[in-house]
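Analysis of the macromolecular model
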Number of protein chains: 2
Amino acid sequence: MVNKMSGRPRLTPKGERTRARIVQEAAVLIHERGVAGTTLDDVKAAAEVSGSQLYHYFPDKNDLVQAVVDYQADATVSNQRHADLGSVQGVQAWRDMVIYAAERVQAKGGCPLGSLGGQLAESDPEARSLIAAGFQRWTAEISEGLRSLQARGQLPPSLDPDDLAVTLLATLQGGLLLAQVQRSTRPFETAVDTLLALTIGG
Amino acid sequence: MVNKMSGRPRLTPKGERTRARIVQEAAVLIHERGVAGTTLDDVKAAAEVSGSQLYHYFPDKNDLVQAVVDYQADATVSNQRHADLGSVQGVQAWRDMVIYAAERVQAKGGCPLGSLGGQLAESDPEARSLIAAGFQRWTAEISEGLRSLQARGQLPPSLDPDDLAVTLLATLQGGLLLAQVQRSTRPFETAVDTLLALTIGG
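Residues numbered from 1 in each chain as written. Chains lettered and ligands numbered in written order. Predicted model: local features only at pLDDT ≥ 70, side-chain atom pairs only at ≥ 80, totals over all residues. Heavy atoms only, no water.

Per an unreviewed UniProt entry, chain A is named TetR/AcrR family transcriptional regulator, and its organism is Trebonia kvetii.

Next comes the structure, spelled out in structure tokens:
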């Protein structure tokens, strides 16, 4: 039987929990060490499963990596959905949240979704297309917030919310990459704050 | 003897040429396939050198990868130096050039320097710090251009050229990552054009 939501074979509740634990532990390891730096043995140890259990859920590493991409895309889009970009205060709170999240880890690992893009785009077409879909959903969430900001008169009518959403996401991704490489959130803050000052006001 | 410019053991002219050929071929392969997807055997074949020749110049893959980082950082900074950001026409020509470069390859490989950052930041501290230095030099070049643009009255005096340089580089990097993952230069164009319209005028 196939689960309609995920398109995967249906698992028992216990199986779902085990699978979720494997994906979650793999996501943490991959964010810390990169895809190439994470072995299936590392994941086995972190998730406390046997090799045959791991193999049962993920016949090869690509399957696991793609499940991690799905997990990070869902987490990112869900975070964005809970942010309120529909007011200047909401945008400010969201700005503080993303900067704080980066500061907490000195920007190590970069964006949980974007960093997977940089690592997998040329080697795993399936992962690439999952990440692209995640970016699209993320952009749509930002865009929706900016639309309601504009409806309230807090974003100049000359700005296209869809274009600004893409620009904001690009700034986040690039700012996080500079911050990750420089081990300082400074460039990330500068980029985000400069764009916000240019659009929503300082 | 050590070469004062590069800090490497001095090579004969022929040795320098062979080394340069290896680095150049490795840079192409790594840009196309990623670091993890490029083997030393691939590089040997592309540069037409033997295993012992390759080993003579690069005892392990990390050495070669770091030489590729240096090569891409130098190439990027030199490209930026040849662009003229000191006039609106110059900025426009530079914008067209970076978009065209991405379009030519459907944004495959992303930014030659930035994509190395995304792949190596968590696994190779030496490469990470070389990439960080490359980003700093790149930012300084952009900043210098924007300063002269501002001196000519073509950039609002309220904008800080250093902050805008960081923001522009972040937009480039993030826009290229979105484009690389989506295999379309559209998000890259949107992000760059939106930021330029907000700062320099449409």
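1. Description of the overall build of chain A
Just so we agree on the cut-off: Numbering of helices and strands starts at the N terminus; helices are DSSP runs of H or I of at least 4 residues and strands are runs of E of at least 2. Only protein chains enter the accessibility calculation, which uses a 1.4 Å probe. A residue is then buried if its area is under 20% of the maximum for its type, exposed if over 50%, and partly exposed in between. Contacts between residues were defined by any pair of non-hydrogen atoms, one from each residue, lying within 4.5 Å. Each accessible area is a Shrake-Rupley result for a 1.4 Å probe, and residues are judged covered by the shown protein chains and nothing else. In this tally, Asp and Glu contribute negative charge and Lys and Arg positive charge; neither His nor the terminal groups of the chain are included. Where a charge lies is defined by one atom per residue type, namely NZ (Lys), CZ (Arg), CG (Asp) and CD (Glu).
In terms of helices and strands, chain A carries 9 helices and 0 strands. The C-alpha extent of chain A, read off along each of the three principal axes, is 55 × 40 × 30 Å. Evaluated residue by residue, chain A yields a buried proportion of 50% over its 202 residues. Sequence separation of 24 or more characterises 67% of the internal contacts of chain A that already satisfy a separation of 6 or more. Of the roughly 9,500 Å² of accessible surface on chain A, a fraction of 51% belongs to carbon and sulfur atoms. The averaged location of the 23 negative side-chain charges in chain A is 6 Å from the averaged location of its 20 positive side-chain charges.

2. As for unusual backbone geometry
Residue and element names in this part refer to chain B. The phi torsion at E48 lies on the positive side, around 50°, for a residue other than glycine. Here E48 lies in the loop between α2 (40-47) and α3 (51-57). A positive phi is found at R183, a non-glycine position, where the angle reads about 50°. In this structure, R183 sits in the loop between α8 (161-182) and α9 (186-199).

3. Focus: the UniProt feature "domain: HTH tetR-type" (unreviewed entry) in chain A
For the record, the criterion: UniProt positions are given in the numbering used here, feature names are shortened, and annotations may be inferred rather than shown by experiment.
On the UniProt side, "domain: HTH tetR-type" (unreviewed entry) is annotated at positions that read residues 16-76 of chain A here. Between the end C-alpha atoms of residues 16-76 of chain A the distance is 21 Å, and the span holds 80% helix and 0% strand.

4. A look at the relation of the copies chain B and chain A
So the rule is basically this: Our superposition of the copies is a least-squares fit, built on the C-alpha atoms of residues whose pLDDT is at least 70 in both.
Superposition record for chain B on chain A: RMSD 0.0 Å, screw rotation 180°, translation along axis 0.0 Å. Read as a symmetry element, the transformation amounts to a two-fold axis. Scanning chain B for the C-alpha nearest the rotation axis identifies G174 of chain B, at a separation of 1.9 Å. Comparing interface residues between copies, 100% of those in chain B also lie at the interface in chain A; the contact surface is shared.

5. Focus: the UniProt feature "DNA-binding region" (unreviewed entry) in chain A
Summarizing the sequence annotation, UniProt attributes the feature "DNA-binding region" (unreviewed entry) to residues 39-58 of chain A in the numbering used throughout. For residues 39-58 of chain A, helix accounts for 75% and strand for 0%, while the C-alpha atoms at its two ends are 13 Å apart.

6. Points about the side chain of R128 of chain B
Applied cut-off: In what follows, salt bridge is the name for a side-chain nitrogen of Lys or Arg lying within 4 Å of a carboxyl oxygen of Asp or Glu.
Tracing the chain through its elements places R128 of chain B in helix α7 (residues 125-151). Put simply, R128 of chain B is tucked away with no salt bridge, and the nearest opposite charge, on E122 of chain B, sits 6.4 Å away. When near neighbours in sequence (up to four residues on either side) are disregarded, R128 of chain B contacts Q180, V181, Q182 and R183 of chain A together with A121 of chain B.

7. Quick word on the side chain of T76 of chain B
Looking at where T76 of chain B falls in the secondary structure, it is placed in helix α4 (residues 61-82). Those residues within four positions of T76 of chain B in sequence are excluded, and the remaining contacts are L113 and W138 of chain B.

8. A word on empty space enclosed by the protein
Condition: Put simply, the grid is 1 Å and covers the protein atoms alone, a cavity is a trapped set of points that fit a 1.4 Å probe, a pocket is an open set with protein on both sides within 12 Å along at least five of seven lines, and lining residues have an atom within 4 Å of a point. Grid points are joined across faces, edges and corners, and a volume is the space filled by probe spheres set on the points.
For the structure on display, the rule yields 4 cavities of 30 Å³ or more. The volume enclosed by the largest cavity comes to roughly 180 Å³. Forming the boundary of the largest cavity are 20 residues, of which G118 and L177 of chain A together with G114, G118 and L177 of chain B lie nearest the centre. Elements represented by at least two residues in the lining of the largest cavity include exactly α6 (114-120) and α8 (161-182) of chain A together with α6 (114-120) and α8 of chain B.

9. Concerning the interface of chain B and chain A
We apply this condition: Two parts placed together each lose some accessible area under a 1.4 Å probe, and adding up what both lose gives the buried area.
With 41 residues of chain B at the interface, the matching set in chain A holds 41 residues. Roughly 3,300 Å² of surface becomes buried between chain B and chain A when both sides are summed, with 68% attributable to carbon and sulfur atoms. Summed over the three residues of chain B that lose the most area to chain A, namely E122, V181 and L198 of chain B, the buried surface amounts to 20% of that side. Summed over the shared surface of chain B and chain A, the result is 2 salt bridges. E122 of chain A is the salt-bridge partner of R183 of chain B, the closest N and O atoms lying 2.7 Å from each other.

10. So, the environment of A140 of chain B
Note that A140 of chain B resides in helix α7. In sequence terms A140 of chain B and V28 of chain B are 112 residues apart; their C-alpha atoms lie 26 Å from each other.

11. So, the domain arrangement of chain A
Residues and elements named next belong to chain A. Spelled out, the test is: Note that the domain bounds were set by an automatic or database domain assignment. Polar contact is defined as a pair of N or O atoms within 3.5 Å, subject to the rule that within protein one atom must be able to donate a hydrogen and the other to accept it, and that residues adjacent in sequence are counted only when both atoms are side-chain atoms.
According to the domain assignment, chain A contains domain 1 (11-59) and domain 2 (69-198). Between the C-alpha centres of domain 1 and domain 2 there is a distance of 27 Å. Domain 1 puts 8 residues into the contact, and the matching count from domain 2 is 11 residues. Of the roughly 590 Å² buried between domain 1 and domain 2 on both sides combined, carbon and sulfur atoms contribute 67%. On the domain 1 side of the interface with domain 2, the three residues burying the most area are A27, H31 and V35, jointly 68% of the side's total. Applying the counting criterion to the domain 1 and domain 2 interface returns 0 salt bridges. Inspection of the domain 1/domain 2 interface yields 3 residue pairs in polar contact (both at pLDDT 80 or more).

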